[in-house]
Amino acid sequence: EQATSIQSLKNKICNVIEGEQFEAPESTVRYYGYKGTYAMGKNSFSKEPLAIVTRDGDTEFADFVNWVLNSLLYAEAQNITMATANTFPKTSLFGDAYGNMFQHAVAAVGNYGEIYSRHLAPIADRLKVNMINNGDTGLLYSHPYGQV
């Protein structure tokens, strides 16, 4: 569907395409060969967050991945970066062998904000929904779980 929309833009069948912020960034449109003028609107009409996906039937691995993601979000909230990852608290969630798992994760890739800045910011601005709680409110955004 994305390729078809971009092909229509390329072939001048249309002059506007729509999509989520990661479906139609300029880098993708250029990848499909569009060479004309291209601009992306700044208004966002949805608030769906990006999500992680793990294979079905391995709940232990899914828990592990979920905890790592939460640790990256926590690290950002606590201003723990790649450079200060050794200050991340130890955990006993998955046994003694994994006590430093969160420190290792942040040291390897950075906190959520560092990852976003490095990989996603060049494609799309970070939406406010990703920064919904700055510590002065109890407001939380619940990630959708699909067809539960």
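See the structure printed just above.
Residues numbered from 1 in each chain as written. Predicted model: local features only at pLDDT ≥ 70, side-chain atom pairs only at ≥ 80, totals over all residues. Heavy atoms only, no water.

Participant: I would appreciate a short explanation of helix 4 (residues 101-109) in the present structure.
Facilitator: In an α-helix, one full turn covers 3.6 residues, which means residues spaced three or four apart are oriented alike. Taken together, the buried positions of helix 4 are M101, F102, Q103, A105 and V106. Its buried side turned inward, helix 4 meets helix 3 (59-77). Where helix 4 ends, the next residue or the one after it, G110, has phi of about 90 degrees, a positive value. (Buried < 20%, exposed > 50% of the residue type's maximum accessible area, 1.4 Å probe, protein only. Helix = DSSP H or I, 4+ residues; strand = E, 2+ residues; numbered from the N terminus. Contact = heavy atoms within 4.5 Å.)

Participant: Which parts of the structure should I look at to understand the packing of aromatic side chains?
Facilitator: Note on aromatic pairs: each is described by the distance of the centres and the angle between the planes. With the rule as written, the count across this model stands at seven aromatic pairs. Centroid distance Y74 to F88: 5.4 Å. Interplanar angle 70 degrees. Geometry classified as edge-to-face. Here Y74 is found in helix 3, whereas its partner F88 is found in the loop between helix 3 and helix 4, with 14 residues between them in sequence. Under the relative-accessibility criterion, F88 is labelled buried at 6%. Each residue in the set F64, F94 and Y98 is aromatic and connected to the rest through ring pairs, giving one cluster. In this arrangement the basic side chain of R55 is found over the ring face of F61, its NZ or CZ atom lying 5.1 Å from the centre. (Phe/Tyr/Trp six-rings, centres within 6.5 Å; stacked < 30°, edge-to-face > 60°. Lys NZ or Arg CZ within 6 Å of the ring centre and 35° of its normal.)

Participant: Help me out: how do you make sense of the side chain of N111 in this one?
Facilitator: Relative to the elements of secondary structure, N111 occurs in the loop between helix 4 and helix 5 (112-119). Take N111: its relative accessible area is 5%, and that puts it in the buried class. Within the structure, the side chain of N111 is placed 3.0 Å from the backbone oxygen of I80, a separation counted as a polar contact. Among the polar contacts listed, one links the side chain of N111 to the backbone nitrogen of G113, at a separation of 2.9 Å. The residues contacting N111, other than those within four sequence positions of it, are L72, A75, E76, I80, T81 and V106. (Polar contact = N/O pair within 3.5 Å; in protein donor to acceptor, adjacent residues only side chain to side chain.)

Participant: Hey, could you run me through the packing of helix 3 against helix 5 in this one?
Facilitator: For any two helices packed against each other, one specifies the inter-axial angle together with the distance between the axes. Put simply, helix 3 and helix 5 touch, their axes get as near as 6 Å, and they point 95 degrees apart. Between helix 3 and helix 5, the angle is such that the two are roughly perpendicular. The segment helix 3 lies against helix 5, with L69, L72, L73 and E76 engaging Y112, G113 and I115. Taken together, the residues that form the contact of helix 3 with helix 5 break down as five nonpolar, one polar and one charged. (Axes fitted to C-alpha atoms, helices over the stretch in contact; angles between N-to-C directions. Parallel < 35°, antiparallel > 145°, perpendicular 65-115°, else oblique. Nonpolar A, V, L, I, M, F, W, Y, C, P; charged D, E, K, R; others polar.)

Participant: I would appreciate a short explanation of the pattern of salt bridges in the present structure.
Facilitator: Two side chains carrying opposite charge are able to pair once their charged atoms lie near each other. Throughout the structure, instances matching the rule amount to two salt bridges. The partner of R30 in a salt bridge is E26, and the shortest N-O contact between them spans 3.1 Å. Of the two residues, R30 and E26 are both situated in helix 2 (residues 26-31); the distance of four residues between them amounts to about one turn of the helix. Residue classification places R30 among the partly exposed residues on the basis of a relative accessible area of 30%. The partner of D58 in a salt bridge is R55, and the shortest N-O contact between them spans 2.9 Å. Classification of D58 as partly exposed rests on a relative accessible area of 24%. (Salt bridge = Lys/Arg side-chain N within 4 Å of Asp/Glu carboxyl O.)

Participant: Looking at this model, I keep getting lost on unusual backbone geometry. Mind explaining?
Facilitator: The phi angle of most residues is negative, glycine excepted, and most peptide bonds adopt the trans form. A positive phi angle is found at K12, which is not glycine, with a value near 60 degrees. Looking at the element boundaries, K12 is found in the loop between helix 1 (2-10) and helix 2. Overall, K12 belongs to the exposed group, its relative accessible area being 75%. With a phi angle near 60 degrees, N79 is a residue other than glycine that sits in the positive phi range. Here N79 lies in the loop between helix 3 and helix 4.

By themselves, these observations are geometric and do not establish any function.
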